[in-house]
Amino acid sequence: MRYCLATLACLLAGTLQAAPQATPGQWEMTSKVSMSGMKMAIPPNTVKFCIKPNEVKDLTKQAMGGPQGAPSKDCKMLENSVSGATVKFRMRCEGPHQSDIAGEVSYAGNSYKGKTVIDTTAGPQGKMRMTNEFSAKRIGDC
């Protein structure tokens, strides 16, 4: 799962430079991940991170709560659009981590929220759907 989220954040950073952006400062993000076939609920996860002024245009510092690694050469953006303060995207990753990823992030200056849906065939479970709903708010200066 971390691989898919890392790839998503890095590809978004490279293809959506005209997208709305978060404000520099200290942020707190809460995400709730659910996976098909899981009998137990995964508790929400909250992380704090700092977006520095020189990092504002780097979405890897925003949407996933911090740097997540290098983009994968196996992934390609299929669609992306920006409407007002909302970014929508769809991408596909081939290779050992074959996945279809779709999502939406809406920015409001000192907050953002969004959702990603990842359909993957990676791993011993075979086909699986992961949904990540997240929201973040600026809580002060770094």
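Because the structure is predicted, anything quoted here is derived from the model rather than measured. (Residues numbered from 1 in each chain as written. Predicted model: local features only at pLDDT ≥ 70, side-chain atom pairs only at ≥ 80, totals over all residues. Heavy atoms only, no water.)

J.: Just checking my understanding: could you explain the pairing of strand 3 (residues 75-83) for this structure?
T.: Each regular strand carries side chains that alternate between the two faces of the sheet. In the sheet, strand 3 pairs with strand 4 (residues 86-93) via eight bridges, with the strands oriented antiparallel. Residue K76 lies in a different strand from strand 4, and its bridge partner there is R92. Between the end of strand 3 and the start of strand 4, which pair antiparallel, lie two residues, with G84 showing a positive phi angle near 65°. (Pairing = 2+ DSSP bridges. Helix = DSSP H or I, 4+ residues; strand = E, 2+ residues; numbered from the N terminus.)

J.: Where do I start with the sheet that holds strand 6 (residues 111-120) in this structure?
T.: The pairing of strands in a sheet comes from backbone hydrogen bonds and takes either a parallel or an antiparallel form. Strand order across the open sheet formed by seven strands is 2-1-7-6-5-4-3, with antiparallel pairing between neighbours. Each edge of the sheet is formed by a strand with only one pairing partner; in this case those strands are strand 2 (45-51) and strand 3. Between one strand axis and the next, the sheet turns by 15° as a mean value, whatever way the strands run. (Axes fitted to C-alpha atoms, helices over the stretch in contact; angles between N-to-C directions.)

J.: Explanation requested: the state of the cysteines in the structure shown.
T.: Scanning all chains against the criterion turns up two disulfides. Through a disulfide, C50 is tied to C142; the S-S separation comes to 1.7 Å. Negative torsions about the S-S bond denote left-handed disulfides, and the value of about 105° found for C50 with C142 makes this one right-handed. Linking C50 in strand 2 with C142 in the segment after strand 7 (128-140), this pair joins segments that are 92 residues apart in sequence. Its relative accessible area of 25% is what places C50 among the partly exposed residues. Put simply, C75 and C93 are joined by a disulfide, and their sulfur atoms are 2.0 Å apart. Classification of the bridge connecting C75 and C93 rests on its S-S torsion, roughly 110°, and on that basis the disulfide is right-handed. Taken together, the residues C75 in strand 3 and C93 in strand 4 connect sequence positions 18 residues apart. Side by side, C75 and C93 carry an identical accessibility label, which is buried. (Disulfide = S-S within 2.5 Å. Buried < 20%, exposed > 50% of the residue type's maximum accessible area, 1.4 Å probe, protein only.)

J.: Which parts of the structure should I look at to understand the pattern of salt bridges?
T.: When the charged atoms of two side chains lie near each other, side chains of opposite charge can form a pair. Tallied over the full model, the rule gives five salt bridges. Across the pair R92 and D100 runs a salt bridge, and its minimum N-O distance is 2.5 Å. Assessed through its relative accessible area of 33%, R92 is described here as partly exposed. Note on D100: relative accessible area 30%, which makes it partly exposed. A salt bridge links D141 to R138; the shortest N-O distance between them is 2.7 Å. Since its relative accessible area comes to 63%, D141 is described here as exposed. When its relative accessible area of 27% is taken as the criterion, R138 is described as partly exposed. (Salt bridge = Lys/Arg side-chain N within 4 Å of Asp/Glu carboxyl O.)

J.: Looking at this structure, I do not really get the environment of A102. What am I missing?
T.: Mapped onto the secondary structure, A102 falls in strand 5 (residues 99-107). Residue A102 is classed as partly exposed on the basis of its relative accessible area of 32%. Considered as a pair, A102 and L78 are 24 residues apart in the sequence and their alpha carbons are 9.7 Å apart. In this view, A102 contacts F89, R90, K115, T116 and V117; residues no more than four positions away in its chain are not counted. (Contact = heavy atoms within 4.5 Å.)

J.: Help me understand the nonpolar core, please; the structure alone is not making it clear to me.
T.: Soluble globular proteins: nonpolar side chains tend toward being buried together. Formed by 20 residues in total, the largest nonpolar core has its most connected members in W27 and Y112. The element that contributes the greatest number of residues to this core is strand 4, accounting for four residues. (Core = buried A, V, L, I, M, F, W, Y, C linked by side-chain atoms within 4.5 Å.)

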